[in-house]
Amino acid sequence: MTPVKVTVIIPTHNTGEDVMVGLDALRKQSMPRSDFEVLYVDDGSTDDTVAFLERELAGEDNMHVVPMTNSGWPGRPRNTGVDRARGEYVHFVDDDDWLAPEALERLYARAKETDADIVVGRMAGHGRGAPRAPFAKPLERGSVRENPVLLGAMTVHKLFRRRFLLDHGLRFDEGRVRLEDHLFTLRAYLLAKQVSTVADYTTYHWVRHGNGKHNISYTPIEPAPYIESVRRIIGLLHAPDTRVEDDELRHRFTANWYGSKALRRLTGKGFLGQDEERRAAWRQQVIDLAADLPTAVDRHLPERLAVLSRLCRAGDHEAIHAYTLYEAGVRHRPKVEESTWQGGVLRLRASTSLVRTDPETGESTPLLFRRSVHETAGGKKRVRWTWQPPAPLDGRPDLADALDFTQPLKKAKAQALVHHKSGGTQIVVTTGTSKLQPVPHAADPDLWEMHWTTDCTIDPAGVDAHSGPLEDGTWQVCLRLNVGGWLTSPRLSGLKLSVGAPKPAAASKPKAQPKSTARTVPATRHPLHGVAKVAVPVLRLLLPAAAYVAVRDRYRRLVSPERTQQQSPQAPNPQAPNPVAVALDELQRAKRARALSVSSTRRT
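### What about the overall build of the protein?
Each helix and strand counted, the protein has 16 helices and 22 strands in total. The buried share among the 604 residues of the protein stands at 51%. In the protein, once contacts between residues fewer than 6 apart in sequence are set aside, the share between residues at least 24 apart is 73%. Looking at the protein as shown, the accessible area adds up to about 27,700 Å², and 50% of this sits on carbon and sulfur atoms.

Shown next, in the form of structure tokens:
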């Protein structure tokens, strides 16, 4: 059996011709066909999925169909894929998702560069949210204990070293088990020696169909089995081979699942849309779970969920319902104050305020906070902000300290976020400033409203130090705000960024655009972009994978959208580096480095 670099494992079930979206993406991979294989493991489809795949893959030497009897869940097909894989690494993909063109090449290069057991690629969501925090900056040779931000990326859509999976007996639960991804991924994270990320390129496109079509595990979620899976996940933190020894870190990890997978089940419109009998069943399951967890876990919850946890620990169904009704309408209301296209970047000033919108009337009222001043033991005066909850919860002694929002208000930042309209990628703009501006409430001067202003620049050549140039297409500009777990990113009306579009003639004399009109910011390519497009692929044949990816990224920065508008888009900048010359220079350096390496090896 000839080994390959990567095996892509895709469980299928009654997918039919819709599998072509992912298949076409695999055919367009920049990694040579001889370096990877694809296994479509079919979980007993009752339609023509297997026959269709066999016809479609008839001429594909590196793609195969593996039929099996129905198990009703993706665990067994994934295990079968790992058993049959020839790859040094395996990558799990769902049949309704797809990989970006350079995904396998970049992920494998990163794995070899960092000797990682797991490589997590940046994701984009389509019809669903995708994790952003794990990709805010690159991670090299990390671990989940040292980098808990990895807990934000718990799906199995990653690159795993196959030998690592086999050596540790890492297998998926077979059968109908909720959160099987989390059970597998958490154990893998805790056992891995090194985990790395690809933060500057979106590798995976994660899709949710509204009717659950193509998803093997799409069935209504029952409260009891689901919370039982949450208990099993938390149990891994105490298991002999995966135990998290540090108490505070273990409480922090526990809070991740208690908060995101249990408490959040009691919030939002989705929960309120269920009938009362089902809501009561969910509440009771979470109440029982809360009773079994240390109260120290609550310190690591976002404040909005810490309040809910107190109500669950009290076992108060009515109070939980009142809180859920109220906080489902909490959001922020952004506004563009000024936007200007200058020097090749968008300069933006925006403001927002924290409000609660009544679901029946649509009327928005500000969230209010009470201000008090306390003197510390050292004689310093400190301001404390206490959230004023809805009337049914006001004055409860068990909520007194949970309503202290001083720290979340201090940490909250209003930040621009760019969202690729068709590609789904979301990137937070980390440059700029954010300022909290409390304003006394008109009806009661003892209560205060919370407002923020932010100033930032959005550069198509790279919105931060890690994301790389924005890909071509239309990017919507949003404003992100997270206050104690109330996190939303509404669009800034009419403001968008067009990357790769030709610049209009009038763009040489930019003017501030009227606030009431749509604002589209064009960005052009570097004049030597065409030359680099020819030079860079040549290097792919001459350099090792990791070196090639690094060199190619450097060229992309050279041919990124222009940074100054004074430069004519038709004429090359005489000061700009010539991509061909730089390419040859890089090639000579690589040859010298390789020669030195060989010479050193021979001497040894």
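### Thoughts on the sheet that holds strand β6 (residues 118–126)
Strand order in the open sheet made by the 8 strands is β3-β2-β1-β4-β7-β6-β8-β5, with mixed pairing throughout. Two strands in the sheet have a free side with no partner beyond their single neighbour: β3 (63–68) and β5 (98–99). Across 7 bridges, strand β1 (residues 4–12) lies against strand β2 (residues 36–43) in parallel orientation. Counted as the bridge partner of T12 is D42 from β2. With respect to the sheet, helix α3 (residues 75–84) is in contact with β1, β2, β3 and β4 (87–92), its orientation differing from that of β2 by roughly 145 degrees. Each of β1, β2, β4, β5, β6, β7 (159–161) and β8 (195–207) is contacted by helix α4 (residues 103–114), which is oriented at about 160 degrees to β8, the strand it contacts most.

### Here's the deal with the packing of helix α6 (residues 180–191) against helix α7 (residues 223–236)
Interhelical geometry of α6 versus α7 gives an angle of 5 degrees and a closest axis separation of 10 Å. One way to sum up the angle between α6 and α7 is to call them roughly parallel. Note on element contacts: α7 touches α6 through S229, R232, I233 and L236, opposite H182, L183, L186, R187 and L190. In terms of residue class, the contact of α6 with α7 is built from 5 nonpolar, 2 polar and 2 charged.

### Section: the environment of C312
Counting through the fold element by element, C312 comes out in helix α11 (residues 303–313). For C312 and V286, which are 26 residues apart along the polypeptide, the C-alpha to C-alpha distance reads 7.0 Å. With near-sequence residues (within four places) excluded, C312 lies in contact with L263, L266, V286, I287, A290 and I320.

### Digging into the packing of aromatic side chains
Summed over the entire model, instances satisfying the criterion amount to 14 aromatic pairs. Measuring from ring centre to ring centre gives 3.9 Å for F172 and F184, while their planes differ by 5 degrees; the resulting arrangement is stacked. Taken together, the residues F172 in the loop between α5 (162–167) and α6 and F184 in helix α6 connect sequence positions 12 residues apart. Owing to a relative accessible area of 5%, F172 belongs among the buried residues under this scheme. Owing to a relative accessible area of 3%, F184 belongs among the buried residues under this scheme. With 5.7 Å between their ring centres and 75 degrees between their planes, W385 and W448 make a pair best called edge-to-face.

### Brief notes about the packing of α7 against helix α10 (residues 276–291)
Geometry of a packed helix pair, given as the angle between the helix axes and the separation of the axes. Running from amino to carboxyl end, α7 crosses α10 at an angle of 25 degrees, the nearest separation of the two axes being 9 Å. Taken together, the axes of α7 and α10 lie roughly parallel to each other. The crossing of α7 and α10 is right-handed. Contact residues: α7 offers P223, A224, Y226, I227, V230 and R231, while α10 offers R278, A281, W282, Q285, V286, D288 and L289. In the contact of α7 with α10, the residues fall into 9 nonpolar, 1 polar and 3 charged.

### Brief notes about the pattern of salt bridges
Going through the model one piece at a time under the given rule, you end up with 36 salt bridges. Close ionic contact of E140 with R110 constitutes a salt bridge, the shortest N to O distance being 3.7 Å. Here the residue E140 occupies a position in the loop between β6 and β7, and R110 occupies one in helix α4, the gap between them amounting to 30 residues. Linking R299 and E248 is a salt bridge whose minimum nitrogen-to-oxygen distance equals 2.6 Å. Note that R299 is positioned in the loop between α10 and α11 and E248 in helix α8 (residues 247–262), a separation of 51 residues in sequence. Using a relative accessible area of 35% as the deciding quantity, one classes E248 as partly exposed. Three or more residues joined by partner-sharing salt bridges are found here, namely D24, R27, R33, E56 and E60.

### Focus on the confidence of the model for the protein
For the protein, per-residue confidence averages 86 on the pLDDT scale, and residues scoring 70 or more make up 81% of the total. Contacts for the low-pLDDT stretch residues 523–529, under 50 throughout, to residues beyond four places or in other chains number 29 contacts. The low-confidence segment residues 559–576 (pLDDT under 50) makes 39 contacts with residues lying over four places distant or belonging to another chain.

### Brief notes about unusual backbone geometry
For N14, which is not glycine, the phi dihedral falls at a positive 50 degrees. In this structure, N14 sits in the loop between β1 and α1 (20–27). In this model, D115 sits at a positive phi of 55 degrees, which is unusual for a non-glycine residue. Positionally, D115 belongs in the loop between α4 and β6.

### Side note on the pairing of strand β11 (residues 345–357)
Burial analysis of β11 places 11 of its 13 residues in the buried class, the great majority of the element. Sheet analysis places strand β10 (residues 335–342) next to β11, joined by 7 bridges and oriented antiparallel. Among the inter-strand pairings, W341 is bridged to a residue of β11, identified as L346. Pairing of β11 with strand β18 (residues 444–458), which is carried by 8 bridges, proceeds in the antiparallel orientation. Across the sheet, the residue bridging to S353 is H451, located in β18. Here β11 pairs with strand β12 (residues 364–366) via 3 bridges, running antiparallel.

### As for the side chain of T15
Note that T15 resides in the loop between β1 and α1. Judged by its relative accessible area of 3%, T15 is buried. A distance of 2.4 Å separates polar atoms of two side chains, one belonging to T15 and the other to D95.

### Here's the deal with α7
For α7, which comprises 14 residues, the first-to-last C-alpha distance of 21 Å matches the rise-based estimate of 20 Å (1.5 Å per residue) to within 8%. Among the residues making up α7, those that are buried are P223, Y226, I227, S229, V230, I233, I234 and L236. Seen from one end, α7 has its buried residues packed into an arc of 160 degrees, which puts them on one side. On its buried side, α7 packs onto α6, α8 and α10.

### Re the environment of P392
Tracing the sequence through the fold places P392 in the loop between β14 (381–387) and α13 (406–411). When the C-alpha atoms of P392 and Y323 are compared, they prove to be 8.3 Å apart, with 69 residues separating the residues in sequence.

Calculation criteria
- Residues numbered from 1 in each chain as written.
- Predicted model: local features only at pLDDT ≥ 70, side-chain atom pairs only at ≥ 80, totals over all residues.
- Heavy atoms only, no water.
- Helix = DSSP H or I, 4+ residues; strand = E, 2+ residues; numbered from the N terminus.
- Buried < 20%, exposed > 50% of the residue type's maximum accessible area, 1.4 Å probe, protein only.
- Contact = heavy atoms within 4.5 Å.
- Areas by Shrake-Rupley, 256 points an atom, 1.4 Å probe, with all protein chains shown as cover.
- Pairing = 2+ DSSP bridges.
- Axes fitted to C-alpha atoms, helices over the stretch in contact; angles between N-to-C directions.
- Parallel < 35°, antiparallel > 145°, perpendicular 65-115°, else oblique.
- Nonpolar A, V, L, I, M, F, W, Y, C, P; charged D, E, K, R; others polar.
- Phe/Tyr/Trp six-rings, centres within 6.5 Å; stacked < 30°, edge-to-face > 60°.
- Left-handed = near helix turned anticlockwise from the far one by under 90°.
- Salt bridge = Lys/Arg side-chain N within 4 Å of Asp/Glu carboxyl O.
- pLDDT = per-residue confidence, 0-100.
- Polar contact = N/O pair within 3.5 Å; in protein donor to acceptor, adjacent residues only side chain to side chain.
- Expected span 1.5 Å × (residues − 1).
- Arc of directions from axis to C-beta.

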